[in-house]
Amino acid sequence: MTGRSQVGPNGAGRPPGAIAALLRTAVAFALLVGAYLGVAGVATSNFAISMSPSQLFPVAGLAFLVYLGAGALVAGANALGRKARSDTARLERRLVHVMAAVTLWAVLAVMFLPLKGTEASVQAGKLTTLQLNALAAAAIVVAGLVGGWIVAVVVGRVVALLRRRLTPGGTRALGAAGAAVCVVLLAVGPALTARDLSRLPLPEDLTPGKLPRVVLVAVDGCEWSVLGPLMESGELPTFKRLADGGSFGPLRTIEPILSPIIWTSMATGKLPDKHGIHGFVNEQNVPVNSRMRLASPVWDIVSGHGEEVCVVGWYVTWPADRVNGVLVSDRLHSLLRGPLQMYQSLTGRPTNERLEAFGEFVFDPGYKRYPKEEERFQLNRIVDEPLRWGYLRDRIYGKAATSLGPYYEPAFTAVYYRGVDFVQHFFWKFHDPNPFGEVEEQRIREYGDVIRSYYRYQDALLAQLLDSLGEDLNVVIVSDHGFTSRHEHPDPGRPQLTGEHRIDGVIIASGPAFREAGYFEGATVLDIAPTALAVMGLPVPEDMDGRVLEETISDEHLEQHPVTTIPSYEPAIGREGAEVGSTMDESIREQLRSLGYIE
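Just so it is clear, the structure is predicted and the values come from calculations on it, not from any experiment.

Criteria and cut-off values
Throughout this description, residue numbers start from 1 for each chain and increase along the sequence as written. Reporting of local features is limited, given that this is a predicted model, to residues whose pLDDT is at least 70; pairs of side-chain atoms are given and counted only at 80 or more, and all residues count toward the totals for whole chains, interfaces and linings. Each side-chain value is derived from all of the structure's non-hydrogen atoms; neither hydrogens nor water enter the calculation. Elements are defined by DSSP. Helices are runs of H or I of four residues or more, strands are runs of E of two residues or more, and each kind is numbered from the N terminus. Each residue's exposure class comes from its accessible area (1.4 Å probe, protein chains only) as a fraction of the maximum for that residue type: buried when under 20%, exposed when over 50%, partly exposed otherwise. Residue contacts are defined here by distance: any two heavy atoms, one from each residue, within 4.5 Å place the two residues in contact. Per-residue and other accessible areas follow the Shrake-Rupley method at a 1.4 Å probe size, with only the shown protein chains counted as cover for residues. At least two bridges found by DSSP between two strands is the condition for calling them paired. The quantity called pLDDT is the predictor's confidence in a given residue, expressed from 0 to 100. Patch membership needs two things, relative accessible area over 30% and no salt bridge, and members are linked within 9 Å if like-charged or within 5 Å if nonpolar (Val, Leu, Ile, Met, Phe, Trp, Tyr). The salt bridge criterion pairs a side-chain nitrogen of Lys or Arg with a carboxyl oxygen of Asp or Glu, the two atoms within 4 Å. The aromatic pairing rule takes the rings of Phe, Tyr and Trp, using the six-membered ring of Trp, and pairs them if the centres are within 6.5 Å, calling planes under 30 degrees apart stacked, those over 60 edge-to-face and the rest tilted. Here a helix's expected span is defined as the number of its residues, less one, multiplied by 1.5 Å. Note on method: axes are straight lines fitted to C-alpha atoms, helices fitted across the in-contact stretch only, with angles between N-to-C directions ranging 0 to 180 degrees. Geometric relationships in this document are graded by angle, where less than 35 degrees denotes roughly parallel, more than 145 denotes roughly antiparallel, 65 to 115 denotes roughly perpendicular, and other angles denote oblique. Crossings are assigned a handedness: left-handed for a near helix turned anticlockwise from the far helix by less than a right angle, right-handed for a clockwise turn. Note on residue classes: Ala, Val, Leu, Ile, Met, Phe, Trp, Tyr, Cys and Pro are nonpolar, Asp, Glu, Lys and Arg are charged, and everything else, Gly too, is polar. Here the nonpolar core consists of buried residues drawn from Ala, Val, Leu, Ile, Met, Phe, Trp, Tyr and Cys, with membership extended through side-chain atoms lying within 4.5 Å. Cavity and pocket criteria rest on a 1 Å grid covering protein atoms alone: a 1.4 Å probe that fits but cannot get out defines a cavity, protein on both sides within 12 Å along at least 5 of 7 lines defines an open pocket, and an atom within 4 Å of a point defines a lining residue. Grid points are joined across faces, edges and corners, and a volume is the space filled by probe spheres set on the points.

When helices and strands are tallied, the protein chain shows 21 helices and 17 strands. Residues counted as buried form 53% of the 599 residues belonging to the protein chain. When contacts within the protein chain are restricted to residue pairs at least 6 apart in sequence, those whose partners lie at least 24 apart make up 75%. As displayed, the protein chain offers around 26100 Å² of accessible surface, 58% of which is attributable to carbon and sulfur atoms.

Below, the structure is given as structure tokens:
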């Protein structure tokens, strides 16, 4: 990594130049990072990215530029030192130290900003978001410096030992061999580490990389009685364009109407007895996660045929599984909400100001000083929690999808948005006040437009997503249930919950593969996975409980890609369920309690 001093005829050491040392060290670190990404991708406890060789080489090139820049600063500082001008060995140690620290800083920032497991402390009022992020930044800086120093010491000792034991030619040969191994791993690592499911063959009439593209857009709680009028009034141009150009109607859900169950059934095409998710928490009160899922979702099947996928924020995807492409789990937002709010404050439009744009209210960030039973506490709280939760969550995953999706050009994309469900639970009383009797006109003026405004925001997110993914997209928009007034089933312990689930959600299917058939009925959440596979031309497993919605698919597409079946994918890509917890579990349970999902 640091090279060997050249030796003249008289045996005197002639250290290599500073520029040569800088270039060698930057190249070595860039190749090591590329080799690691080729074998492991980018994987943390919250999201995973798998890259193809063509995507890895530009990343390795970018890493080289980053290391070169950091190294140039070190070399410049080293040149200013009294005795450092000719001491290349000292320069090399400092380069290794700084580049190792830069690597560790990047890894720690991805994994622990803000620090995992401290969200409960923030909710208890022990730490502010600013303090939490400052603590995380300090931990990252210290860990990077200490780790970099340890790496520099170890590498320095190894290099010194090699210089004593090897000839100059042997040192160069060893360095070349190490570089060659890194290049090979960078180039073929993704293929070598692909999951067993990637061995599934494509049907004979399909060409790799040429499958019809499907984009599955999940809008939790989307309700026709809100969506329809807003489409007709022209306030949701993207939704309306898709509905007018395709098929749309109610989407019957399954009971109990609980989001983890339904979204997992949507992704797998199977009932809970087959996929293993039966609620928000399991029998041990652990929030459900991907390790408890027993059935293979669509993205695993598509990955299994060697096609790239992009899955962002889908329910029950933490811990993130390795896929061909990118999977961002449904817990990434817990790490990034604080940094996003800090960023928005620094750019001149704080999050609180953005929240106020959803209605005519004025948010009081100091509302927690009021008694909890007072109206001003309750009204500010539903802005601070459900509206803020939804807005930040959808903002984060929306940006992730529009940034990563085009990078992979996936055959299958699935993006999950949660905010519509959040605001309808808490603001339905102001959106539809009649069933509740007398509701103050002032409150209706202040909060009555929040739900409609959020649908408009959702339409903008949808437009950004589709624009980023390009042309010839087969778009399927779905919701896990609809919404209605909760005036007949009030919750005495949570009077702020004024909207509740109803059994029919939304489906809109639009794109080259779909008919412009308009309104249709008979679709269920179990039909989404088999329909997506059929549209892509992939065999549909017979052990799915849903059916292919052939009435929405055009005759031309069915002629080109007739529906075929396979007994099951599970022998090839099945999995065993397991219980795994995290330091976020208590904060997740607290949020579920506030929404009335668990006691």
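The discussion continues.
Burial within strand 13 (residues 504-510) is extensive, with seven of its seven residues counted as buried. Of the strand pairs in this sheet, strand 10 (residues 473-478) and strand 13 are connected by four bridges, and their pairing is antiparallel. Note on strand 13: the bridge partner recorded for Val478 is Ile507.

The next thing to look at is the environment of Val311. Within the secondary structure, Val311 is located in strand 7 (residues 309-312). Separated by 89 residues in sequence, Val311 and Ala400 have C-alpha atoms that sit 9.8 Å apart. Apart from the residues lying within four places of it in its own chain, the contact partners of Val311 are Trp299, Val326, Leu327, Val328 and Ala414.

Of all residues in the protein chain, 87% attain a pLDDT of 70 or more, and the chain-wide mean is 86. The low-confidence segment residues 1-15 (pLDDT under 50) makes 31 contacts with residues lying over four places distant or belonging to another chain. Across residues 116-121, confidence stays below pLDDT 50; counting only partners more than four residues off in sequence or on other chains, it has 13 contacts.

What follows concerns a nonpolar patch on the surface. A contiguous nonpolar patch, built from Val142, Val146, Trp149, Ile150, Val153, Val154 and Val158 and spanning about 620 Å² of accessible area, is present on the exposed surface. As for its position among the elements, Val142 is in helix 5 (residues 129-165).

Before going further, it helps to examine the packing of aromatic side chains. Scanning the model with the defined rule gives 22 aromatic pairs in all. A centroid spacing of 6.2 Å and a plane angle of 70° characterise the contact between Phe358 and Tyr391, whose relative ring orientation is edge-to-face. Linking Phe358 in the loop between helix 13 (351-356) and helix 14 (375-408) with Tyr391 in helix 14, this pair joins segments that are 33 residues apart in sequence. Like Phe358, the residue Tyr391 is buried in the burial classification. Seen from their ring centres, Tyr391 and Tyr457 are 5.6 Å apart, and the 40° between their planes marks the pair as tilted.

With that out of the way, let us pick up unusual backbone geometry. Note the cis peptide between Glu255 and Pro256, where omega equals 0°. Within the secondary structure layout, Pro256 lies in the loop between strand 6 (246-252) and helix 9 (259-268). At Glu409, a residue that is not glycine, the phi angle is positive and equals roughly 45°. Looking at where Glu409 falls in the secondary structure, it is placed in the loop between helix 14 and strand 9 (412-417). Residue Glu409 is classed as exposed on the basis of its relative accessible area, which comes to 63%. Even without a glycine there, the phi angle at Asp472 is positive, about 55°. Considering the arrangement of structural elements, one finds Asp472 in the loop between helix 17 (450-469) and strand 10.

Between the first and last C-alpha of helix 1 (residues 18-40) there are 33 Å, a value that for 23 residues agrees with the 33 Å anticipated at 1.5 Å per step. Buried within helix 1 are the following residues: Ala21, Leu22, Thr25, Ala26, Ala28, Phe29, Ala30, Leu31, Gly34, Ala35, Leu37 and Gly38. Phi for Gly41, located one or two positions after helix 1, is positive at around 65°.

Moving on, we come to the packing of helix 1 against helix 6 (residues 168-192). Two numbers describe a pair of packed helices, the interaxial angle and the distance between the axes. Following both chains from N to C, one finds helix 1 and helix 6 inclined at 30°, their axes separated by 7 Å at the closest point. By the criterion of interaxial angle, the relationship of helix 1 to helix 6 is roughly parallel. Where helix 1 crosses over helix 6, the handedness of that crossing is left-handed. Counting all contacts with helix 1, which are made through Leu31, Leu32, Gly34, Ala35, Gly38 and Val39, the residues of helix 6 involved are Ala179, Cys182, Val183, Leu185, Leu186, Gly189 and Pro190. For the contact of helix 1 with helix 6, a count of residues per class yields ten nonpolar, three polar and no charged.

Attention now goes to the pairing of strand 8 (residues 325-328). In this structure, strand 4 (residues 47-49) lies alongside strand 8, joined through three bridges in antiparallel fashion. Within strand 8, the residue paired with Ile49 across the bridge is Val326. Pairing between strand 7 and strand 8: four bridges, direction parallel. Counterpart to Val312 in the pairing with strand 8 is Val328.

Every buried residue of helix 7 (residues 224-232) is accounted for by Trp224, Val226, Leu227, Gly228, Leu230 and Met231. Those residues of helix 7 hidden inside the fold are in contact with helix 8 (237-244), strand 6, helix 15 (419-431), helix 17 and strand 13. Gly234 sits one or two positions beyond helix 7 and adopts a positive phi of about 85°.

Another point: the packing of helix 2 (residues 53-80) against helix 6. At their nearest, the axes of helix 2 and helix 6 sit 9 Å apart, and the two run at 145° to each other. Seen along the crossing, helix 2 lies across helix 6 with a hand that is right-handed. On helix 6, the residues touching Pro53, Leu56, Phe57 and Ala60 of helix 2 are Leu186, Ala187 and Pro190. Of the residues contributing to the contact of helix 2 with helix 6, the split by class is seven nonpolar, no polar and no charged.

Let us now look at the nonpolar core. Leu227, Leu387 and Phe427 are the most contacted members of the largest nonpolar core, which has 72 residues in total. Tallying contributions element by element places helix 14 first for this core, with 13 residues. When neighbours within four sequence positions are excluded, Leu387 is seen to be in contact with Leu355, Phe358, Phe361, Ile382, Val423, Phe427, Val450 and Tyr454. Ranked by size, the runner-up nonpolar core spans 63 residues in total, among them Ile261, Tyr315, Ile507 and Ala509.

The next subject is the pattern of salt bridges. Using the criterion set out here, one finds 25 salt bridges in the structure. A network of salt bridges, in which partner residues are shared, links Glu235, Asp449, Arg452 and Arg456.

Attention shifts here to empty space enclosed by the protein. For the structure on display, the rule yields four cavities of 30 Å³ or more. In this structure, the largest cavity spans a volume of roughly 60 Å³. In this structure, the largest cavity is lined by Val214, Leu216, Val476, Ile507, Ala509, Phe514, Ile528, Thr531, Ala532, Leu549 and Thr552. Elements that contribute at least two residues to the lining of the largest cavity include exactly strand 5 (213-219), strand 13 and helix 18 (528-536). The greatest single-element share of the lining of the largest cavity, amounting to three residues, is contributed by helix 18. A class-by-class count of the residues in the lining of the largest cavity yields nine nonpolar, two polar and no charged.

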